[in-house]
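The residues making up each chain are set out below.
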There are 2 protein chains.
Amino acid sequence: MDRERGHEDSDHLQLRAWLRLLTCANLIESRVRGGLRETWNITLPRFDLLSQLHRAGEDGLTMGDLSRAMMVSAGNVTGLVEALVGEGLVRRTTSAADRRQSRVRLTQAGKRGFEAMLPEHERWIDEAFAGLDRNDLKRLLELLAKLKQSAKAAERGGKEAA
Amino acid sequence: MDRERGHEDSDHLQLRAWLRLLTCANLIESRVRGGLRETWNITLPRFDLLSQLHRAGEDGLTMGDLSRAMMVSAGNVTGLVEALVGEGLVRRTTSAADRRQSRVRLTQAGKRGFEAMLPEHERWIDEAFAGLDRNDLKRLLELLAKLKQSAKAAERGGKEAA
DNA sequence: GCGAGATACTTTAAGTCTAAAGTATCTGAC
DNA sequence: GTCAGATACTTTAGACTTAAAGTATCTCGC
């Protein structure tokens, strides 16, 4: 009945899954970063920011929206937006209703530039996942959805405990 | 120009899997980083380096081994090792056989310190994965193994093409 | 109105990270 | 033996990142 429990306690499945997850993320991220640099001389965080704005559409996003969407600190967003404003890819306006807020949007150049990069970016991702068939991908998406919920719950638990 | 109200019905499974993978990695990593900082005032990369050395045992690792194991650049390892030598957690010796190499090992303090952190670190990971049962974890490990191979193959392909 | 606290963002200090160029050492073809 | 190239590592410049402290603005109870 309990013959295998000792083994169960010590096989560290969670830790192994975590390390493997990190390895995959690093491999793919490094490929994407290299491609973006070589092909368009843009960094991954800047591409990511453009991507969030592209998805958001005409109304753009506030600095806080960007910080949450990109899962980085507010201070980090400040610097990235400044850089992209300098490159003419993004424009920024102060909100009239709440003067603390500012709203960030793609310029025409930003929109065109991002849309030019998009297909090749997706091709790199597709290549990285080429070894997985549609069934694998669907199972992976499900498991990651479960993990995402679980990790969020753990995060809240940790904060409430403090 | 067409103002799109929604996405087309191509499902972009790979891209969605990639974004979800990144979200999970960010969530867990941020929890671990926060815990390490609050509890032992150590950063995640330094913990990671100690972890590699702990796994390696008495013989330690060369700078190059560390760079490969941690998937970071060689220059990055130089700085991290210097910091940890300064904290007395790690010691570094020049190889006699090949004077270009150096070998890095945990000090006694480093070994004790790391082993003190280990259980709680694993607890954070276990909590993040708490929503997945053993069967989920095994399937996730399999899918990530497949993804890892696939991503490695894509990386090689990309380099050969260039 | 007014002030206390909340919120949106910026600044700062310190650390992490990369790519590229540089240094020292080794290896192998000859 | 020697030297051209490979290898192990360091240095550098620049970008990213965070946590924490700081500034400006808003909200809400009174």
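Here is a short report on the structure shown in this document. Since we're looking at a predicted model, the values are computed, not measured. Numbers given for residues are sequential positions, taken from 1 along each chain in its written order. Lettering of chains starts at A and numbering of ligands starts at 1, both following the order in which they are written. Selection of residues for local features in this predicted model requires a pLDDT of at least 70, selection of side-chain atom pairs for listing and counting requires 80 or more, and totals for whole chains, interfaces and linings are taken over all residues. To obtain the side-chain values, all non-hydrogen atoms of the structure were used and water was disregarded.

### Some words on the overall build of chain A
Let me state the cut-off plainly: Runs of E in the DSSP output that reach at least two residues are strands. Runs of H or I that reach at least four are helices, and both are numbered from the N terminus. C-alpha atoms define the radius of gyration in this analysis, and the globule rule sets the expected value at 2.2 Å times the number of residues to the power 0.38. Each residue is placed in one exposure class: buried if its accessible area under a 1.4 Å probe, protein chains only, is under 20% of its type's maximum, exposed if it is over 50%, and partly exposed if it falls in between. Should any heavy atoms of two residues lie within 4.5 Å, those residues are counted as being in contact. Computed with the Shrake-Rupley method and a 1.4 Å probe, the accessible areas treat only the protein chains shown as cover for residues.
Of regular secondary structure, chain A possesses seven helices and three strands. Ordered by position from the N terminus, the helices and strands of chain A form the series α-α-α-β-α-α-β-β-α-α. The C-alpha radius of gyration of chain A comes to 20 Å, more than 25% above the 15 Å expected for a compact globule of 162 residues. Each principal axis of the C-alpha distribution contributes one length, and for chain A these read about 65 × 40 × 25 Å. In chain A, which comprises 162 residues, the proportion classed as buried is 39%. The long-range share in chain A, meaning contacts at least 24 apart out of those at least 6 apart in sequence, stands at 50%. On chain A, roughly 9,200 Å² of surface is accessible, and the fraction owed to carbon and sulfur atoms is 47%.

### Looking at the interface of chain A and chain B
To be explicit about the condition: As used here, buried area is the combined drop in accessible area, with a 1.4 Å probe, of two parts when they are placed together. A carboxyl oxygen of Asp or Glu within 4 Å of a side-chain nitrogen of Lys or Arg is what we treat as a salt bridge. Polar contact criterion, stated in full: a pair of N or O atoms within 3.5 Å, where within protein one must be able to donate a hydrogen and the other to accept it, and residues adjacent in sequence count only if both atoms are side-chain atoms.
Every contact between the two is made by 53 residues of chain A and, on the other side, 52 residues of chain B. Both sides together, the interface formed by chain A and chain B hides about 5,700 Å², and carbon and sulfur atoms give 73% of it. D136 of chain B is the salt-bridge partner of K146 of chain A, the closest N and O atoms lying 2.7 Å from each other. Seen at the junction of chain A and chain B, the total is 16 residue pairs in polar contact (both at pLDDT 80 or more).

### What about the packing of aromatic side chains?
Residues and elements named next belong to chain B. Worth spelling out the cut-off: What counts as a ring pair is set by centres within 6.5 Å for rings of Phe, Tyr and Trp (its six-membered ring), and what kind of pair is set by the plane angle: stacked under 30 degrees, edge-to-face over 60, tilted for all other angles.
Taken as a whole, this structure holds four aromatic pairs over all chains when the rule is applied. Ring centres of W40 and W124 lie 6.1 Å apart, and the angle between their planes is 55°; on these two criteria the pair is classed as tilted. On the criterion of sequence distance, the pair formed by W40 in helix α1 (residues 13–40) and W124 in helix α5 (residues 108–128) is long-range, its members being 84 residues apart. Residue classification places W124 among the buried positions, given a relative accessible area of 5%.

### Topic: the protein's contact with DNA strand C
Rule in force here: Nearness is judged by heavy atoms alone; a residue qualifies as near a molecule or strand once a single heavy atom is within 4 Å of it.
T78, R92 and R100 of chain A together with T43 and S73 of chain B are the nearest of the 24 residues found near DNA strand C. In DNA strand C, the atoms that sit within 4 Å of the protein are 80% sugar and phosphate, with bases accounting for the remainder. Residue M63 of chain A places a main-chain N or O atom 3.4 Å away from a phosphate oxygen belonging to DNA strand C. Measuring from a phosphate oxygen of DNA strand C, one finds a side-chain N or O atom of R46 of chain B at 3.1 Å. Going through the elements one at a time, α4 (63–70) and α5 (74–86) of chain A together with α2 (44–56) and α4 (74–86) of chain B are the ones with two or more residues in the surface near DNA strand C.

### Topic: the pairing of strand β3 (residues 102–106) of chain B
Residues and elements named next belong to chain B. This is how the line gets drawn: By this definition, two strands are paired if DSSP reports at least two bridges between them.
Burial analysis of β3 places four of its five residues in the buried class, which makes it a mostly covered element. For strand β1 (residues 61–62) and β3, the ladder comprises two bridges, and the chain directions are antiparallel. Directly across from L61, in β3, lies its bridge partner V104.

### Regarding the protein's contact with DNA strand D
For DNA strand D, the set of nearby residues contains 25 residues, the closest of which are T43 of chain A together with G64, T78, R92 and R100 of chain B. Restricting the count to atoms of DNA strand D within 4 Å of the protein gives a sugar and phosphate share of 80%. Between a base oxygen of DNA strand D and a side-chain N or O atom of R100 of chain A, the distance comes to 3.3 Å. S102 of chain B places a main-chain nitrogen or oxygen 3.0 Å from a phosphate oxygen of DNA strand D. The set of elements that each furnish at least two residues to the surface near DNA strand D consists of α3 (44–56) and α5 of chain A together with α3 (63–70) and α4 of chain B. No other element matches the four residues that α4 of chain B contributes to the surface near DNA strand D.

### Quick notes on the relation of the copies chain A and chain B
Selection rule: When the copies are overlaid, the least-squares fit takes in C-alpha atoms only where the residue has pLDDT of at least 70 in both copies.
Rotating chain A by 180° and moving it 0.0 Å along the rotation axis overlays it on chain B with an RMSD of 0.1 Å. What the rotation and shift describe, once combined, is the action of a two-fold rotation axis. Most of the interface of chain A is mirrored in chain B, where 98% of its interface residues again form contacts.

Any functional reading would require information that these geometric values do not contain.
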